[in-house]
Amino acid sequence: MTNETFADGYSIRKVRYEQVHHVGPQDFSALLDVLQLHNGDIVGDICAGYGAVAREVLARADQTGIVVRPVLVDRSPDQLDRSYEELPNKPVSRVISDVRSLPFKNCYFDKAAIKMGLHEMPLLEQQTAVNEVYRTLKPEGVFAVWSTLALDEIEQAMFQAIVREKDRLAGFDSLARDRYLQREGQVCSLLRNAGFTNIQKVWGITYCLSTAGRLHAEFGGDTAKLQTWNDFIRSHVPEHLRGRFDYRDTETDITMKFNQGIIRCTKPLVDFNNQPNSQNERGNS
């Protein structure tokens, strides 16, 4: 996928995700507990954006007195550029690359994480992405996926429709077209199909969607677009489901709650899928 095909969405979206997703320190702490950092680890911050995961990895390393090497990987140069402000003078590597075709040799990373990035691509391509993480992770390496984890098809369809309409109104055509927001079981299936084992949801996150919170972040302050989005949600969420999603409407802001979480898995020492674990290499990194 070229820059031109997603320039209308992912590259130009300058969102502070910790704010719009209401991410707390306890959520990052759970992610770091999952990764189980050790001295000398090469840690892949895949679909890195501005490097929020790498920032927390380095902070934990400083606290524990170990040395790690985060590698920020993202397809968007514009998003990676934001990481220079986030991580000034930090010992990180930055690689412009699509997760679906990583330029690293087999078994390169000790640990890897994708935070809210897997859903940026269509479902079938998500399997390719997970396969690539598997290939580039060392045997017994840990992979953490922080993602939307809808509990069933009702929640998935509701969240997908609301987010797609927001992206359409914001002019993020590629996001409206390509994004696929997963159910928890679908993420586990992607990991299992790639060959990962010990797959477990280890942390649940209640994501509170606030429409007003996107006014400046994604609508450029256009209140007409916010109103149109609010009207769409009002018409799309039936009365009998509003209690389930803790639906609240103040006329200018609609809030709803959906499920996110962190899933942990490991690459086995013996690859039962007959994929190469250590011999064949690809890339030069």
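These remarks concern the structure in this document.

Scanning the chain from terminus to terminus reveals eleven helices and eight strands. Across the 285 residues that make up the chain, the buried fraction comes to 57%. Look at the contacts in the chain between residues 6 or more apart in sequence, and 78% of them connect residues 24 or more apart. Surface accessibility of the chain: about 12,400 Å² in total, with carbon and sulfur atoms responsible for 50%.

This part takes up the nonpolar core. Core analysis: the biggest nonpolar cluster contains 31 residues, and Val-99, Phe-104, Phe-109, Ile-114, Phe-143, Leu-191 and Phe-196 have the highest contact counts within it. Broken down by secondary-structure element, the contributors of at least two residues to this core are β1 (42-46), β2 (69-74), β4 (109-115), α6 (123-136), β5 (137-148), α9 (184-194) and β8 (254-266). When residues in this core are grouped by element, the largest group, five residues, is from α9. Setting aside residues up to four positions removed in sequence, Phe-143 forms contacts with Ala-112, Ala-113, Ile-114, Val-133, Leu-137, Leu-191, Phe-196, Ile-263, Arg-264 and Cys-265. Within the second largest apolar cluster, 30 residues are counted, among which are Val-34, Leu-35, Val-57 and Ile-262.

Let us look at the side chain of His-119. Summarising the element assignment, His-119 is placed in the loop between β4 and α6. Look past the residues within four positions of His-119 in its chain and what remains in contact with it is Gln-126, Thr-148, Arg-179, Tyr-180, Leu-181 and Gln-182.

Tracing the chain through its elements places Thr-197 in strand β6 (residues 197-210). Judged by its relative accessible area of 29%, Thr-197 is partly exposed. It is 6.3 Å that separates the C-alpha atoms of Thr-197 and Lys-267, two residues lying 70 residues apart in sequence. Not counting chain neighbours up to four residues away, the residues in contact with Thr-197 comprise Cys-265, Thr-266 and Pro-268.

This next bit is on the side chain of Gln-156. Residue position: Gln-156 is located in helix α7 (residues 153-170). A polar atom in the side chain of Gln-156 sits 3.0 Å from the side chain of Tyr-180. Here Gln-156 is in contact with Ala-150, Tyr-180, Leu-181, Gln-182, Arg-183 and Gln-186, once residues within four sequence places are set aside.

Right, let's get into the pattern of salt bridges. Tallied over the full model, the rule gives 23 salt bridges. Across the salt bridge formed by Glu-120 and Arg-179, the nearest N and O atoms sit 3.1 Å from each other. Taken together, the residues Glu-120 in the loop between β4 and α6 and Arg-179 in the loop between α8 (173-178) and α9 connect sequence positions 59 residues apart. With a closest N to O distance of 2.8 Å, Glu-132 and Arg-135 form a salt bridge. Of this pair, Glu-132 and Arg-135 both sit in helix α6, three residues apart, which is roughly one turn of that helix. For the pair formed by Glu-132 and Arg-135, the shared burial category is buried.

The periodicity of an α-helix, 3.6 residues per turn, causes residues three or four positions apart to be oriented the same way. The set of residues buried in α9 consists of Gln-186, Val-187, Cys-188, Leu-190, Leu-191 and Ala-194. Where α9 terminates, the next one or two residues include Gly-195, which has phi positive at roughly 120°.

So, about the packing of α6 against α9. Relative to each other, α6 and α9 sit at 50°, their axes nearing to 9 Å. The pairing of α6 with α9 is recorded here as oblique in orientation. Here α6 and α9 pass one another in a crossing that is right-handed. Across the interface between the two elements, Leu-123, Gln-126, Gln-127, Val-130, Asn-131 and Tyr-134 from α6 touch Gln-186, Ser-189, Leu-190, Leu-191, Asn-193 and Ala-194 from α9. Split into classes, the residues belonging to the contact of α6 with α9 amount to six nonpolar, six polar and no charged.

Rules of the game
- Residues numbered from 1 in each chain as written.
- Predicted model: local features only at pLDDT ≥ 70, side-chain atom pairs only at ≥ 80, totals over all residues.
- Heavy atoms only, no water.
- Helix = DSSP H or I, 4+ residues; strand = E, 2+ residues; numbered from the N terminus.
- Buried < 20%, exposed > 50% of the residue type's maximum accessible area, 1.4 Å probe, protein only.
- Contact = heavy atoms within 4.5 Å.
- Areas by Shrake-Rupley, 256 points an atom, 1.4 Å probe, with all protein chains shown as cover.
- Core = buried A, V, L, I, M, F, W, Y, C linked by side-chain atoms within 4.5 Å.
- Polar contact = N/O pair within 3.5 Å; in protein donor to acceptor, adjacent residues only side chain to side chain.
- Salt bridge = Lys/Arg side-chain N within 4 Å of Asp/Glu carboxyl O.
- Axes fitted to C-alpha atoms, helices over the stretch in contact; angles between N-to-C directions.
- Parallel < 35°, antiparallel > 145°, perpendicular 65-115°, else oblique.
- Left-handed = near helix turned anticlockwise from the far one by under 90°.
- Nonpolar A, V, L, I, M, F, W, Y, C, P; charged D, E, K, R; others polar.

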